[in-house]
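Residues per chain, in single letters:
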Protein chains: 2
Amino acid sequence: MPTLRDVARLAGVHLSIVSRVLNDDKKTSVKEETRQRVQEAAEALGYWPNALARGLKMKSVGSLALVIPDISNPVYAEIIRGAEQEARQSGHFLLLASTAGADPRTLEFMQALLEGRVDGVILANALLDDAVIDALEAGRYPYVLVNRRSQRARRYVVADDAAGALLAVNHLIERGHRRIGHLAGPPTADTALNRKLGYRHALEAAGIVFDRDLVVEGSYSTESGRIGVQQLVSLPHPPTAVFAANLRVAAGAMDAARRLGVRIPDDLSIVGMHDAELAELLSPGLTTVRLPLEGLGREAVRMLLRVTRGEPGPEQVVLTGAELVERESVRTIQETAHSAS
Amino acid sequence: MPTLRDVARLAGVHLSIVSRVLNDDKKTSVKEETRQRVQEAAEALGYWPNALARGLKMKSVGSLALVIPDISNPVYAEIIRGAEQEARQSGHFLLLASTAGADPRTLEFMQALLEGRVDGVILANALLDDAVIDALEAGRYPYVLVNRRSQRARRYVVADDAAGALLAVNHLIERGHRRIGHLAGPPTADTALNRKLGYRHALEAAGIVFDRDLVVEGSYSTESGRIGVQQLVSLPHPPTAVFAANLRVAAGAMDAARRLGVRIPDDLSIVGMHDAELAELLSPGLTTVRLPLEGLGREAVRMLLRVTRGEPGPEQVVLTGAELVERESVRTIQETAHSAS
DNA sequence: AATCTGTGCGCAAACGGTTTCAAAGTGAAT
DNA sequence: ATTCACTTTGAAACCGTTTGCGCACAGATT
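About the criteria used
Residues numbered from 1 in each chain as written. Chains lettered and ligands numbered in written order. Predicted model: local features only at pLDDT ≥ 70, side-chain atom pairs only at ≥ 80, totals over all residues. Heavy atoms only, no water. Pairing = 2+ DSSP bridges. Helix = DSSP H or I, 4+ residues; strand = E, 2+ residues; numbered from the N terminus. Axes fitted to C-alpha atoms, helices over the stretch in contact; angles between N-to-C directions. Contact = heavy atoms within 4.5 Å. Near = heavy atom within 4 Å. Polar contact = N/O pair within 3.5 Å; in protein donor to acceptor, adjacent residues only side chain to side chain. Nonpolar A, V, L, I, M, F, W, Y, C, P; charged D, E, K, R; others polar. Domains from an automatic or database assignment.

Q: Mind showing me how you'd approach the sheet that holds strand E6 (residues 180-184) of chain B here?
A: Sheet strands associate in pairs through backbone hydrogen bonding, adopting either a parallel or an antiparallel arrangement. Residues and elements named next belong to chain B. Pairing within the open sheet is mixed, and its six strands lie in the order E7-E6-E8-E9-E10-E12. Strand pairing shows two members of the sheet lacking a second neighbour, strand E7 (215-217) and strand E12 (323-325), which therefore form its edges. With direction set aside, neighbouring strand axes in the sheet form an average angle of 20°. Relative to E7, E6 is paired through three bridges, and the arrangement is parallel. Paired with His-182 across the two strands is Val-215, which belongs to E7. Across the sheet, helix H11 (residues 247-260) lies against E6, strand E8 (241-244), strand E9 (269-273) and strand E10 (287-290), angled at about 155° from E9, the strand it touches most.

Q: Just to check I follow, could you spell out the protein's contact with DNA strand C for this structure?
A: Around DNA strand C there are 27 residues in total, and Lys-31, Thr-34 and Lys-57 of chain A together with Ser-19 and Arg-54 of chain B lie nearest to it. The contact atoms of DNA strand C, taken as those within 4 Å of the protein, divide so that sugar and phosphate hold 64%. Ser-16 of chain A is positioned such that a nitrogen or oxygen atom in its side chain is 3.2 Å from a base nitrogen of DNA strand C. Within the contact set of DNA strand C, a phosphate oxygen lies 2.6 Å away from a side-chain nitrogen or oxygen of Ser-19 of chain B. Among the secondary structure elements, those contributing two or more residues to the surface near DNA strand C are helix H2 (15-22) and helix H4 (51-58) of chain A together with helix H2 (15-23) and helix H4 (51-58) of chain B. Here the residues of the surface near DNA strand C sort into nine nonpolar, 10 polar and eight charged.

Q: Just to check I follow, could you spell out the protein's contact with DNA strand D for this structure?
A: Neighbouring DNA strand D are 28 residues; Leu-4, Ser-19, Arg-20 and Arg-54 of chain A together with Lys-57 of chain B lie closest to it. Backbone sugar and phosphate groups make up 62% of those atoms of DNA strand D lying within 4 Å of the protein. In the model, a phosphate oxygen of DNA strand D is placed 2.8 Å from a nitrogen or oxygen of the Thr-34 of chain B side chain. Across the surface near DNA strand D, the residue classes break down as 11 nonpolar, nine polar and eight charged.

Q: Got a minute to help me understand the domain arrangement of chain A in this structure?
A: A common way to express how large an interface is: the accessible area buried when the components associate. Segmentation of chain A into domains returns domain 1 (4-49), domain 2 (59-159 + 293-320) and domain 3 (161-290 + 324-340). Between the C-alpha centres of domain 1 of chain A and domain 2 of chain A the distance comes to 37 Å.

Q: Teacher, can you tell me more about the sheet that holds strand E12 (residues 323-325) of chain A here?
A: Residue and element names in this part refer to chain A. Read across the open sheet, the six strands follow the order E7-E6-E8-E9-E10-E12; overall the sheet is mixed. Of all the strands in the sheet, the pair left with one neighbour each is strand E7 (215-217) and E12. Each adjacent strand pair in this sheet contributes to an overall mean axis angle of 20°, direction not counted. Relative to E12, strand E10 (residues 287-290) runs antiparallel, the two being bridged by three bridges. Bridge pairing links Thr-288 to Val-325 in E12. Packing of helix H10 (residues 222-233) onto the sheet brings it into contact with strand E6 (180-184), E7 and strand E8 (241-244), and relative to E6 it is tilted by some 150°.

So this is what it looks like as structure tokens:
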């Protein structure tokens, strides 16, 4: 691991010159010949600046962290991709850190991350202790929430979940469904709340009376989808369609339906939220609403970089642009007793 | 962001004392009362050591990186989980970095990562330029390959892919299949080669003659599975079963089969390699071989930490313990013309 | 010849820690 | 009173960078 000193020795100059040459410092001039020598020496030694030393001096290390609770959730894959691209484009390093269930330790975790390792963090945790956010605000640490908003957090970038949900439910309504269930996400998650809101608005706009029995709350897991669908189909007057708050929930619901002998879409239509390869691999293919998740990632990085540089700019952004991806999980209901009555 | 100096000032001692107290230095004794004062001062200020400064001095930052090509691949999720647990247990920080297609830049990427940001790297890239490995070896950087071996790499931890493949194919043979196709992975991936090897060995052991037409090579992608299955079923004498080298390939194959009107398992049985939630969500549920991926992650971290500490130990480990997870994608073939002849 | 204006380079002080070494203080033994 | 051993603390070097500042030397100006 050669240092500036080594390069300087080889080139026969002082290390400060090496630093200036390598950083292309405009404020001091160095003779063309010296510049050459330095560059050759650096090349020969395979010199690479030490990120630690530089970071210590500069108070910035050129990397950002994206903290995610669960790597295997496909939702994050897309956010990550977007964040990664944006970070790369602006010459930054994106590091991923998973909190992997170690919830109580999240705060220390963040501390350790922020005390030098990275310049700022993007938090994608759906469930996040308010204490963590308070600590970040108090410590004036550069952070931004992505796909999640909070009373306490000043900065976030989210998708328009309500509009997306509206899209999904409207699709079912257009297809003739009147009795539509909702497999909702965890009430602690902001996204889940907004999706439920969109669901209600869609019903309302269509003049369908909201039936409390048709929404079952759970978590964003396949298991939750399984349980929920079971609950819905065993209702005295079961729904003809369900809107699942999440791709995993939808997948779980389909899985359970299959085991229960409920055919999709013949017996039950289903539309999910968020699109990923999984939606296509399911059988039948799952109709979903595609959210601009990649954009979320990009925007979050942009905002974070602005914060680290102390530049002004929007601090809450909600990205619109949800769109329906039709596959095979929804059937059209013919006009029946309902409309005839 | 308080520093040692701040704490020292508040406690009325020299900063070196603070360092010693906070690090619980055994080699120097400090008066109990002073210790108290220092600890209180640190507490009051919310002092947290700067990872950069410490790392610069100590030549170790307490974090490791796991480099993965594609976050969305479920195979990695499990490796990550194992690595994470092991890292946490030994007081280290695991950072994830995705190379996300930026192949040509992998080397610089690694450089940037290793020059201070982390103490060592675990590479999970299935496809990895030899130049990268050579550079790592030449630079004496702490690294280990996981789920991948290479001629050039001294250190790796892998699963026994051949044994796993054997398990999968034997299962098909036991179920009466004689004409078994193989959707192989990329010939550049070590795992793909070993799985193909296991496939051939299984056939051989059962006295089934190897038919070159029955193996189609591709990549570890769903698309590859789609193309492969199409190719196999359009053979003049198509197989009754296929062994897919990978979960994604299997999923793609099932998807394509469905669209082609080939029923699974009635018309075609399929077994995949590697287990994840996806296998269960597919319809029908996919029979797969479960590989000890979590163990791979754990073992890789252990090995890497040994390397960074300069401790001796095994440098190539292959983890056994693959097991078959039966679901619904394989049907039993009754004795027919084949065995009767 | 003395002064001025640049150019090209080196010195040294940070950045925030860890750790070696020596000095100061304490009490007991000589 | 002096020596000694031991505890407690401070001073300073160092890790590898960046950067403000000053020095030396060149050529141009008076």
